[in-house]
Amino acid sequence: MERENIYEGKNMALFEEEMDSNPMVSSLLNKLANYTNLSQGVVEHEEDEDSKRKEIKAPRMGTFIGVYLPCLQNILGVILFLRLTWIVGAAGILESFIIVFMCCTCTMLTAISMSAIATNGVVPAGGSYYMISRSLGPEFGGAVGLCFYLGTTFAGAMYILGTIEIFLVSLFAAIFHSEDGEGENVAMLNNMRVYGTCTLALMAMVVFVGVKYVNKLALVFLACVILSILAIYAGVIKTAFDPPSISVCLLGNRTLSKRAFDTCAKYEYRNNETVTTDLWKLFCNGSMLSAKCDDYFAQNNVTEIKGIPGIASGIIRENLWSAYADKGAFVEKKDKPSIPASEEIKFISSPPYVLTDIMTYFTMLVGIYFPSVTGIMAGSNRSGDLRDAQKSIPTGTILAIVTTSFICILLVFGHGKANGEPTWALLLTALICEIGILIASLDSVAPILSMFFLMCYMFVNLACAVQTLLRTPNWRPRFKFYHWTLSFLGMSLCLALMFICSWYYALFAMLIAGCIYKYIEYRGAEKEWGDGIRGLSLNAARFALLRVEHGPPHTKNWRPQVLVMLNLDSEQCVKHPRLLSFNTQLKAGKGLTIVGSVLEGTYLDKHQEAQRAEENIRSLMGAEKTKGFCQLVVSSSLRDGMSHLIQSAGLGGMKHNTVLMAWPESWKQSDNPFSWKNFVDTTAAQQALMVAKNIDMFPQNQERFSEGNIDVWWIVHDGGMLMLLPFLLRQHKVWRKCRMRIFTVAQMDDNSIQMKKDLQMFLYHLRISAEVEVVEMVENDISAFTYEKTLMMEQRSQMLKQMQLSKNEREREIQSISNESRCSIRRKSRSSPQSIGQDVQALLPNDSQEEEVAQLIHDRNTASHSAAVAKTKEVATPEKVQMTWTKEKLISEKHKNKDTNAAGFRDLFTLKPNQSNVRRMHTAVKLNGVVLNKSQDAQLVLLNMPGPPKNRQGDENYMEFLEVLTEGLNRVLLVRGGGREVITIYS
C-alpha cells in the first residue's frame, strides 16, 4: 500500500508527516485499553489492526480473589500456629502486644505507601520490583527485588521446617523419642534436614509439573487455615467453662517431662505398702526409701497442676509480664514454692527437667515473629492478573492486614502461653531453599527472611516518601490517604526493626543489597524510567547550584574545571580521542568536565548529524572513562560556534575556568588559510588555556611510564598553573613514576644561585617535590637564520592579507550589485525573484567566478523579496526598469581589481622585516634551543604560552612564533593562566 492511500479518508492530511512518529488518538486509546506498548506510528498500528487481530484475554481476578485471599493466606502462616503462644509465654502479654503492634504497624504503613505507588498509573506484571524500580530506579529495584526473592525463598524453607516440626514433635513424637536428651536434639536436627529435603524435592516437582494446579486448591488450603483459627478461639471459650484434664508435673517449681515416668509422685501406696515410683529412681541411687537422693528432689514436693487452666483461672494476670531465660534454664512456675538445693547430684545423665532450648529476649522474639505479618506483597505480585490493579491492591491489602492484625492481637490475649515454568530459576530457588532447610531451625531461619522482607518494605516506604516530597508532575495517585510523614515513619520503623531483630543479619542484608545495586549500576541500566532518584538528584543539583557562589572560588578550592574542545571529521567522529585521555589523567574524575564541539551549518539541516556526533562523543567519553557533560553547538561558522561555546558552557557557579584544546596542525595548509583565527580567538578568551601539541603522541589511559621526567619551563608567572598541573598528572597511574623538573630562565642581571634557592623554598612551601634548575640565557646577536625566518613569516602574512583584501573587494562589488538589484525589485513588484535573478545572471560573463557572484545576488534578492513586496504597495510602479550596472562595467571593474592585486603581490619581494617581529622570533628560536637541549627526552614539556598580540593585525605571526617555540619537541602542553592565583602556600 502506498503512502498516499494509507491516510485516505482519515481527514488528517495536515498531520500526515507526523503520523509515523506520533500515533493517532484512536490508536493510542486502543493500545492503552489492551495494556500493550504504545504504537510507534499509524502505519504499524493499521497493519497490526488489519493483519494481526488477536483476541487479548483480559484479566478477570478481582479484589477478593486476587488480593485479599492471597494476602490472608500468606500472612496466616506457620509462625502464627507454632510460635505465637511461645512468644506470649516468654515475653508476656504486654510485650507480646508491643511486638505484634510494631510489626502490624510496619506492614500497615508499608501498605499505605504501596497503595499510593500502585495507584499512580497502570501496574503491569512485576509487583514490588516494578513499583520500586519505576520509583527509585533499576539499581534499587533490582537490589530490593532480589532481596525480596531471597526472603520469599527462605520463607519457603521456613514453612517446610514448620511442617516437619509439627510432624516430628506433635504428631509422631513417640516414634522419634530418645532417652538421651543431647542425642535426641541432634537426631531431631538431622530428621528435620532429611525430611525437609524430601519435602522440598516433592514441592519442586509439583511446581515443575504446574503450579496452576496447586493454585486451584488455594481456597481449600485457606479454608483449612481459617477453620484452624476458629478452632483455637472455640477452644479458648470452652476452657473458660470446662478446662481439659491435661496435667503438668512439677518438682518444686520446676517443670518435669513425663517421657521417662508415668506417675507424678515420689512414691505411692500399693496394698498398704509404700512403693517408690519411676520418678524416684531418676533422682535417687536406688528404689528403696533409704536410698540417697538428689538434694533438690529430697527437699521439694512433687505436685501436679492443670496444663490448660482456662481463661477464668486468672492466668491472664499471671502472664502479663515477661519471663525471659537463658539457654538451658529450668522452665519454672514462679508462684510455686521451691527450696534451693546446696548440691545437685545427678544419678542419670539427663534428669527429666524441661529446659529452654534457646535464649529468649525481646529483640530476638521480634525477629522470629515478624515473618508472621509478611505476605502483604502477595496481591501486588499478581498485578498482571488483576482486573483493576489500582483499585484491588490498596483495598485488598489493607483489608487483609486489618483482618490478620485483629486475629493476632486476639490470639495474644486468648492464649495462656517447558510447560511455561522457568526450570533454571526453579532449580536455583530450590537450592537456596535447601540452604534454609539445612539450618534445620525455624527460630534461626525466621530472622533471616525478616531482614529481606524489611529491606523490601523499607524501600517501598522510601519510594513513596521521595515521590511525594519531589512533587513530580507525574505523581498523581488515586489513593489519597497517604502522607510523606507516614512513609518516612514506616521506613524508619522498618530500619529499626531490622537492627532490633539482629544487627549482624541487618548489616549482611544491606551488604547483599549494596553489592547487587553496584553490580546493576556497573552493568548499566538499559532504559531510563524517570525514577525518583533521578528527580532527587536533579533537585539536589539545583539546590547545590543555587548555593554555589557565582564569584570565583577561593584559591584553596580552585581546580581546573575543563572545557575540552574537540574537532570532528566529516563522519562526525572525534579527530583526536587522546585529548579526552589526557583530560581523564589530569582530572582523575574530580571537578567539572564539559566536552564541547562545534558543527558548522544550520540546526534544522544538521540535526541528525548533531545527534550522531553527540552519540559518538558520549561513546568516546565512556571508553575513556571521562566523567562529565557533552555540549555540542551547531553554528553557521566554526569561529562563532567556538565563541558561543566558550561563553555559554556550564550553568551558574558550575562553569569551566580552563579550556583544553589540540594544536591546530592544519593552520598552514593552503585550503584552510584562516583556521588559525579560531585558535587565536580562543587564546584571547578570559579563560585559562591548555594547548596540547602532538596530541596523538600522548599516552592512553592504559599505558604506564616506568621512568622519565615532566619538565616545567616557568618563564613568566601565570598564577601557579604550571606548578599545579604536573602535581595533578602525577596522581594518575600513567604519570605516577615520572619525576618533576622545573626550569626557569635567568637574564644577565639576575643572580641565578639566589633564584634557585628562592625557587626551592617556594616549592617547599607549596608542598611540591621537584628538581630545580636555573638556565642562563646569554644575550647575543640576532642570527641570519632568525632574520630570514622572520622575513619569510612576514611575506606569508602579507600574501594572506592581499588575498583577504581581494576577497573583501569582491564582496563589496557583490553587495553593490545586490543593493541596486534590490532597488529594481521595489520598482518591479509583479516580477518574480527567479526572473530578477536571471536578469542579473545575464549580465555576467560565463565563467565560474561570475557564476558565484550571480548566485549570491540571486540568493540575497530572494531573501529580501518579502520585505520588498510589502513596500511596493506604497510606491508607484514605473513603466520601465533601469539597471545601474552593465556587463561591460562589471568586466572592467574586475580587471581593474586584478591589476591592483598584482601590484600588491609584487610588493612582497621588497618587504623589510619588522624589528619587533625580529626580536620576537629571536626569543622563540633562542628559547626553543634551550628547551631542546634540556628537555628533548622528557615525557612531557609544559611551557608558558605567550599571550595573543593586542594588535590583531599580527595574528598569523603569533602562530608562527608558537610553532618555532615548540619545534622539535614530542609532547608539549602550552599553558596560559586565567589571570588569578590558583595555588597558595597557606593552609
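Predicted model, so just to flag it, every value in this text is computed and none were measured.

### Quick word on the overall build of the protein
At step 1: Looking only at helices and strands, the protein has 33 helices and 15 strands in total.
At step 2: Looking at the protein residue by residue over its 987 residues, the buried ones come to 43%.
At step 3: For the protein, the exposed surface amounts to about 53,600 Å²; the carbon and sulfur share of it is 57%.

### Examining the nonpolar core
At step 1: Grouped together as the largest cluster of nonpolar side chains are 107 residues, with contacts concentrated most on Tyr369 and Phe370.
At step 2: A total of 19 residues in this core trace back to one element, the largest contributor, which is helix α17 (residues 442-470).
At step 3: Of the domains in this structure, domain 1 (24-226 + 364-461 + 476-498) and domain 3 (502-551) are the two that each give at least three residues to this core.
At step 4: With residues up to four places along the chain from it excluded, the contact list for Phe370 reads Cys103, Cys106, Thr107, Ser450, Phe453, Leu454, Tyr457 and Leu497.

### Examining a nonpolar patch on the surface
At step 1: On the surface, a cluster of nonpolar side chains totalling about 510 Å² of accessible area is made up of Leu495, Phe499, Trp503, Tyr504 and Leu507.
At step 2: Put simply, the parts of the chain that give the nonpolar patch at least two residues each are α18 (484-501) and α19 (503-523).
At step 3: Per element, the largest residue contribution to the nonpolar patch is three residues, and it comes from α19.
At step 4: With respect to the element layout, Leu495 can be found in helix α18.
At step 5: The partly exposed category is assigned to Leu495, whose relative accessible area is 33%.

### A look at α18
At step 1: If you check α18, its first and last C-alpha atoms are 26 Å apart, about what 18 residues at 1.5 Å a residue would give, namely 26 Å.
At step 2: Of the surrounding secondary structure, the elements contacted by the buried residues of α18 are α6 (84-118), α14 (362-369), α17 and α19.

### A short note on the state of the cysteines
At step 1: For the structure on display, the rule yields two disulfides.
At step 2: Here Cys249 connects covalently by a disulfide to Cys264, the sulfurs 2.0 Å from one another. Here the S-S torsion is close to 85°, and the disulfide linking Cys249 with Cys264 is therefore right-handed. Note that Cys249 is positioned in strand β1 (residues 247-251) and Cys264 in the loop between β2 (254-256) and β3 (267-270), a separation of 15 residues in sequence.
At step 3: Residue Cys264 is classed as buried on the basis of its relative accessible area, which comes to 13%.
At step 4: Across the disulfide, Cys284 is cross-linked to Cys293 (sulfur-sulfur distance 1.7 Å).

### Overview of the packing of α6 against α18
At step 1: The N-to-C vectors of α6 and α18 enclose an angle of 140°; their axes lie 9 Å apart at closest approach. In terms of orientation, α6 and α18 fall into the oblique class. Taken as a pair, α6 and α18 cross one another with a handedness that is left-handed. Every residue of α18 that contacts α6 at Met102, Thr105, Cys106, Leu109, Thr110 and Ser113 is listed here: Leu486, Ser487, Leu489, Gly490, Leu493, Cys494, Leu497 and Ile500.

### Points about the pattern of salt bridges
At step 1: For the coordinates displayed, the defined rule picks out 14 salt bridges.
At step 2: Close ionic contact of Glu332 with Lys334 constitutes a salt bridge, the shortest N to O distance being 3.5 Å.
At step 3: Residue Lys334 is classed as exposed on the basis of its relative accessible area of 67%.
At step 4: Shared partners join several salt bridges into a network, and the residues in it are Arg83, Glu165 and Asp443.

### Describing the pairing of strand β6 (residues 562-566)
At step 1: In terms of burial, β6 is a largely internal element, five of the five residues being buried.
At step 2: Residues Val562, Val564 and Leu566 point to one face of β6 and Leu563 and Met565 to the other, with burial holding for every one of them.
At step 3: Strand direction decides the pairing type here: β6 and strand β9 (residues 658-662), joined by four bridges, are parallel. In the strand pairing of β9, Val564 is matched with Leu660.

### What about the confidence of the model for the protein?
At step 1: Here the protein averages 75 in pLDDT, while 71% of its residues score no lower than 70.
At step 2: Mean pLDDT values for the elements of the protein range from 38 in helix α30 (residues 865-872) up to 93 in α18.
At step 3: Across residues 35-57 the pLDDT falls below 50, and counting only partners more than four positions away or on other chains, this stretch makes 30 contacts in the model.
At step 4: This stretch, residues 824-887, has a pLDDT under 50; its non-local contacts, to residues over four places away or in other chains, come to 62 contacts.

### Side note on the side chain of Asp443
At step 1: Mapping Asp443 onto the fold places it in helix α17.
At step 2: Setting aside chain neighbours within four positions, we find Asp443 in contact with Arg83, Trp86, Ile358 and Ile368.

### Re the sheet that holds strand β13 (residues 771-776)
In a beta sheet, neighbouring strands are held together by backbone hydrogen bonds and run either parallel or antiparallel to one another.
At step 1: Strand order in the open sheet formed by 10 strands is β8-β7-β6-β9-β10-β15-β14-β11-β12-β13, and the pairing between neighbours is mixed. On the outer flanks of this sheet lie β8 (629-635) and β13, each paired with one strand and no other. Direction aside, neighbouring strands of the sheet carry axes that sit 20° apart on average.
At step 2: Of the strand pairs in this sheet, strand β7 (residues 593-600) and β8 are connected by seven bridges, and their pairing is parallel.

### Some points on the packing of aromatic side chains
At step 1: Counted according to the given criterion, the structure contains 20 aromatic pairs.
At step 2: The interplanar angle of 10° and the centroid separation of 4.5 Å between the aromatic rings of Trp713 and Phe743 together place this pair among those described as stacked. Of the two residues, Trp713 is situated in strand β11 (residues 709-714) and Phe743 in strand β12 (residues 739-746); the sequence distance between them amounts to 30 residues.
At step 3: Taking relative accessible area as the criterion, Trp713 reaches 0% and is therefore assigned buried.

### Overview of the pairing of strand β10 (residues 688-693)
At step 1: In terms of residue burial, β10 counts as a mostly covered element, since six of its six residues are buried.
At step 2: Where burial is concerned, the two faces of β10 agree: the one with Ala688, Met690 and Ala692 and the one with Leu689, Val691 and Lys693 are both buried.
At step 3: Where β10 meets strand β15 (residues 972-976), five bridges bridge the pair, whose relative direction is antiparallel. Across the sheet, the residue bridging to Leu689 is Arg976, located in β15.

### Focus on α17
At step 1: Spanning 29 residues, α17 covers 42 Å between terminal C-alpha atoms, matching the ideal 42 Å at 1.5 Å per step.
At step 2: Most of α17 sits out of view: 26 of its 29 residues are buried.
At step 3: Residue Arg471 follows α17 closely and has a positive phi angle near 55°.

### A word on a positive patch on the surface
At step 1: On the surface, a cluster of positive charge is made up of Lys625, Lys627, Arg704, Lys733 and Arg736.
At step 2: As for its position among the elements, Lys733 is in the loop between α25 (721-729) and β12.
At step 3: Since its relative accessible area comes to 51%, Lys733 is described here as exposed.

### Examining the sheet that holds β2
At step 1: Ordered in space as β2-β1-β5, the three strands form an open sheet in which the pairing is antiparallel. Where the open sheet ends on each side, the last strands, each with one partner, are β2 and β5 (302-306). The mean angle between the axes of side-by-side strands here comes to 40°, regardless of whether they run parallel or antiparallel.
At step 2: Where β1 and β5 come together, five bridges link them in antiparallel fashion. Its bridge partner lying in β5, Leu251 is registered against Val302.

### A closer look at unusual backbone geometry
At step 1: Of note in the backbone geometry, Ala440 takes a positive phi value of approximately 65° without being a glycine.
At step 2: As for its placement among the helices and strands, Ala440 is situated in the loop between α16 (423-439) and α17.
At step 3: In this structure, Lys625 is a non-glycine residue whose phi angle is positive, near 60°.
At step 4: Residue position: Lys625 is located in the loop between α22 (607-623) and β8.

### Here's the deal with the packing of α17 against α19
At step 1: Between α17 and α19, the least distance of the axes is 10 Å, while the angle of their chain directions is 50°. The pairing of α17 with α19 is recorded here as oblique in orientation. Relative to α19, the crossing made by α17 is right-handed. Taking contact as the criterion, the partners of Ser444, Pro447, Ile448, Met451, Phe452 and Met455 in α17 are, on α19, Tyr505, Ala506, Ala509, Met510, Ile512 and Ala513.
At step 2: Among the residues forming the contact of α17 with α19, the class breakdown is 11 nonpolar, one polar and no charged.

About the criteria used
- Residues numbered from 1 in each chain as written.
- Predicted model: local features only at pLDDT ≥ 70, side-chain atom pairs only at ≥ 80, totals over all residues.
- Heavy atoms only, no water.
- Helix = DSSP H or I, 4+ residues; strand = E, 2+ residues; numbered from the N terminus.
- Buried < 20%, exposed > 50% of the residue type's maximum accessible area, 1.4 Å probe, protein only.
- Areas by Shrake-Rupley, 256 points an atom, 1.4 Å probe, with all protein chains shown as cover.
- Core = buried A, V, L, I, M, F, W, Y, C linked by side-chain atoms within 4.5 Å.
- Domains from an automatic or database assignment.
- Contact = heavy atoms within 4.5 Å.
- Patch = residues over 30% accessible without salt bridge, like charges linked within 9 Å, V, L, I, M, F, W, Y side chains within 5 Å.
- Salt bridge = Lys/Arg side-chain N within 4 Å of Asp/Glu carboxyl O.
- Expected span 1.5 Å × (residues − 1).
- Disulfide = S-S within 2.5 Å.
- Axes fitted to C-alpha atoms, helices over the stretch in contact; angles between N-to-C directions.
- Parallel < 35°, antiparallel > 145°, perpendicular 65-115°, else oblique.
- Left-handed = near helix turned anticlockwise from the far one by under 90°.
- Pairing = 2+ DSSP bridges.
- pLDDT = per-residue confidence, 0-100.
- Phe/Tyr/Trp six-rings, centres within 6.5 Å; stacked < 30°, edge-to-face > 60°.
- Lys, Arg positive; Asp, Glu negative; His and termini not counted.
- Charge placed at Lys NZ, Arg CZ, Asp CG, Glu CD.
- Nonpolar A, V, L, I, M, F, W, Y, C, P; charged D, E, K, R; others polar.

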